[in-house]
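# Fold and contact review
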Amino acid sequence: RRLNMLAENQVCADCPTRNPDWASVKHGIFICLNCSGIHRSLGVHVSFVRSATMDTWTQAEARMMEKGGNNRQRKFFDKYGLHEQTPHRE
């Protein structure tokens, strides 16, 4: 719970929605409810979604989130020119 309280994680990694309550464990990012549905539709082999507040997390999942973060993903995407160019799936 403390990780999604960090300022960098206070906005969904995929859209401008504030206070995201969901996470993509495989990507180490926090996402909003709407984007969590998109991530779930991709399949667990691509994006494993957990509630930041309602689900029980394993230690391994928590460590993956500690290594990630919305800023790290944003920097990675920006480095390769993906973040702004990649359309969101609807």
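In this report, we go over the structure that sits alongside the text. Everything numeric in this text was worked out from a predicted model, so none of it was measured.

### Comments concerning the overall build of the protein
Assigned secondary structure in the protein consists of 3 helices and 3 strands. Listing the helices and strands of the protein from first to last along the sequence gives β-β-α-β-α-α. Structurally, the protein occupies a C-alpha span of about 35 × 25 × 25 Å along its principal axes. Taking all 90 residues of the protein together, 36% fall into the buried category. In the form shown here, the protein has an accessible surface area of approximately 6000 Å², with 56% of it arising from carbon and sulfur atoms.

### Quick look at the sheet that holds strand 3 (residues 49-51)
Spatial ordering of the open sheet is given by 2-1-3, a layout of 3 strands whose pairing is antiparallel. Two strands close off the open sheet at either side, each with one partner strand: strand 2 (29-31) and strand 3. Averaged over all adjacent pairs, the angle separating strand axes in this sheet is 35°, with direction ignored. Strand direction decides the pairing type here: strand 1 (residues 22-24) and strand 2, joined by 3 bridges, are antiparallel. Within the sheet, the bridge partner assigned to Trp22 lies in strand 2 and is Ile31. Sheet strands in contact with helix 1 (residues 33-42) are strand 1, strand 2 and strand 3, and its direction is about 115° off that of strand 2.

### Quick look at the side chain of Arg50
Of note, Arg50 is situated in strand 3. A polar side-chain atom of Arg50 sits 3.4 Å from a polar atom in the side chain of Glu61.

### Topic: the pattern of salt bridges
Under the criterion given, the structure shown has 1 salt bridge. Notably, a salt bridge pairs Arg50 with Glu61, separated by 3.4 Å at the nearest N-O pair. Of this pair, Arg50 sits in strand 3 while Glu61 sits in helix 2 (residues 59-67), and the two are 11 residues apart along the sequence. Overall, Glu61 belongs to the buried group, its relative accessible area being 10%.

Thresholds, definitions, all that
Residues numbered from 1 in each chain as written. Predicted model: local features only at pLDDT ≥ 70, side-chain atom pairs only at ≥ 80, totals over all residues. Heavy atoms only, no water. Helix = DSSP H or I, 4+ residues; strand = E, 2+ residues; numbered from the N terminus. Buried < 20%, exposed > 50% of the residue type's maximum accessible area, 1.4 Å probe, protein only. Areas by Shrake-Rupley, 256 points an atom, 1.4 Å probe, with all protein chains shown as cover. Pairing = 2+ DSSP bridges. Axes fitted to C-alpha atoms, helices over the stretch in contact; angles between N-to-C directions. Contact = heavy atoms within 4.5 Å. Polar contact = N/O pair within 3.5 Å; in protein donor to acceptor, adjacent residues only side chain to side chain. Salt bridge = Lys/Arg side-chain N within 4 Å of Asp/Glu carboxyl O.

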